[in-house]
Amino acid sequence: MKPHVFIARPVPPEVEAYLAEHCLCSKWDGDGPIPRARLLASLAEADGLLTSGTRIDAELLEHAPRLKAVSNISVGYNNFDLEAMKARGVIGTNTPSVLNDTVADLIFALMLAVARRVPELDQYVKQGKWKRGDDEILFGLDVHHKTLGVIGMGEIGEAVARRGHLGFGMDVLYHNRSRKPGTEAELGAVYCSMEELLQTSDFVVLMTPLTPETRGLIGERELAWMKPTAVFVNASRGATVDEAALTEALRQKRIYGAGLDVFEREPIAPDHPLLGLPNVVTLPHIGSSTAQTRRQMALLAAENLATALAGGTPPNVVKELRS
């Protein structure tokens, strides 16, 4: 008998078709995210779960006695209670690599948008404020030949560094848990301490996963190390940054600006003080949001799940759950 899979979020038809070849499938097809109670009730007979961001914890596992594998349609997996999954022997997978270039493109879009004040000056034109003689009030910052600092030199960080160095002639600094000799050789990237990176970089890109060690990684002290002309970009997880400290640094212009695709709480509250600052560009967590990339991510997640339920070893088991 084929294993039973529950699909907890919409996926492209070809992904459903692929899973249907290998599994018996049921799915959530209601409006919006599936309610927690409905999800728990749907897992009684499930051997596998295809999801994105659903909290996988002891409560959920108690309602899913047959569950063998959970496949995340994302790179991040901070929604996994790793200890609870390990105790139950549940495999957890993610979808790295396929979204690297898409996210790196967005990070560069944020860098350019903040540096050249693109959203702000778009509104300046549309509101009829542009007039002959405007000059210095329209100035922004150059990106080319500046110093790019990458905190978290994983695959996406490398893709950002490659764009910066090869496309914009930028010098690259990086801080990471381990050195990357290949990246250093290819891009002339220089490994340095967090303090040195923040003090030296013109553009700081944060690309770390959310772990107990990285929660609140960028706070008041770290922001104080940065140049007043520096641009900060976060496309990792919102909780890696102390938003109150960042808001104050931006309000007081202790740094030039910020580009944010992620926030501590999502969606961000409409009255959040960050949204009232002209030197911040905010996006609704769209790092991988293109139709092509999301389709590739969903298909990879489906392949991970089908492989796990067939008794194989998926290529993308998260490292903490590898045997």
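Residues numbered from 1 in each chain as written. Predicted model: local features only at pLDDT ≥ 70, side-chain atom pairs only at ≥ 80, totals over all residues. Heavy atoms only, no water.

**A look at the overall build of the protein chain**
Rules: Only DSSP runs of H or I covering at least 4 residues are called helices, and only runs of E covering at least 2 are called strands; the numbering of each starts at the N terminus. C-alpha atoms define the radius of gyration in this analysis, and the globule rule sets the expected value at 2.2 Å times the number of residues to the power 0.38. Remark: exposure states derive from per-residue accessible area (1.4 Å probe, protein chains only) relative to the maximum for the residue type, with buried under 20%, exposed over 50%, and partly exposed in between. For this analysis, residues touch if any pair of their heavy atoms sits within 4.5 Å. Only four residue types enter the charge count: Lys and Arg as positive, Asp and Glu as negative, with His and the chain ends excluded. Working definition for charges: the position is that of NZ of Lys, CZ of Arg, CG of Asp or CD of Glu.
From N to C terminus, the protein chain includes twelve helices and twelve strands. Taken over C-alpha atoms, the radius of gyration comes to 22 Å for the protein chain, in line with the 20 Å a tight globule of 323 residues would show. Each principal axis of the C-alpha atoms in the protein chain carries an extent, and together these give about 75 × 45 × 35 Å. Per-residue burial for the protein chain yields a buried fraction of 48% across its 323 residues. Taking the contacts inside the protein chain whose residues are at least 6 apart along the sequence as the reference set, 60% of them involve residues at least 24 apart. For the protein chain, the centre of its 34 positive side-chain charges and the centre of its 40 negative side-chain charges are spaced 1 Å apart.

**Some remarks on the UniProt feature "domain: D-isomer specific 2-hydroxyacid dehydrogenase NAD-binding" (unreviewed entry) in the protein chain**
The cut-off we apply is this: UniProt positions are given in the numbering used here, feature names are shortened, and annotations may be inferred rather than shown by experiment.
As annotated in UniProt, the feature "domain: D-isomer specific 2-hydroxyacid dehydrogenase NAD-binding" (unreviewed entry) corresponds to residues 108–287 in the numbering used here. With 33% helix and 15% strand, the stretch residues 108–287 has end C-alpha atoms that lie 11 Å from each other.

**So, the environment of Thr93**
Its location among the elements puts Thr93 in strand S5 (residues 91–93). Classification of Thr93 by relative accessible area gives buried; the value is 1%. Residues within four places of Thr93 in sequence aside, it is in contact with Val70, Ser71, Asn72, Phe80, Asn304, Pro314, Asn316, Val317 and Val318.

**Comments concerning the state of the cysteines**
Linking two cysteines covalently via their sulfur atoms produces the bond known as a disulfide. Which entries qualify depends on this criterion: Two cysteine sulfur atoms form a disulfide, by the criterion used here, when they sit within 2.5 Å.
Counted according to the given criterion, the structure contains zero disulfides. Note on Cys23: no disulfide assigned, nearest cysteine sulfur contributed by Cys25 at a separation of 5.5 Å. On the accessibility criterion, Cys23 (3% relative accessible area) is buried.

**Quick look at the domain arrangement of the protein chain**
Stated formally: Here the limits of each domain have been adopted from an automatic or database domain assignment. The term buried area denotes the loss of accessible surface (1.4 Å probe radius) that occurs when two parts are joined, taken as the sum for both partners. For salt bridges, the criterion is a side-chain nitrogen of Lys or Arg within 4 Å of an Asp or Glu carboxyl oxygen. N or O atoms closer than or at 3.5 Å make up a polar contact, with two conditions inside protein: a donor-capable atom paired with an acceptor-capable one, and, for residues adjacent in sequence, both atoms drawn from side chains. We call Asp, Glu, Lys and Arg charged. Ala, Val, Leu, Ile, Met, Phe, Trp, Tyr, Cys and Pro are nonpolar, and the rest, Gly among them, are polar.
With domains assigned, the protein chain is organised as domain 1 (4–97 + 291–321) and domain 2 (100–282). Computed from C-alpha coordinates alone, the two centres of domain 1 and domain 2 are separated by 32 Å. Taken together, the contact pairs five residues of domain 1 with six residues of domain 2. Of the roughly 500 Å² buried between domain 1 and domain 2, counting both surfaces, carbon and sulfur atoms make up 30%. Counting the surface domain 1 buries against domain 2, the share from its top three residues, Asn78, Ser97 and Thr293, is 72%. For the pair domain 1 and domain 2, the number of links is zero salt bridges. Where domain 1 touches domain 2, the interface holds four residue pairs in polar contact (both at pLDDT 80 or more). Residues belonging to the side of domain 1 that touches domain 2 are distributed by class as follows: no nonpolar, four polar and one charged.

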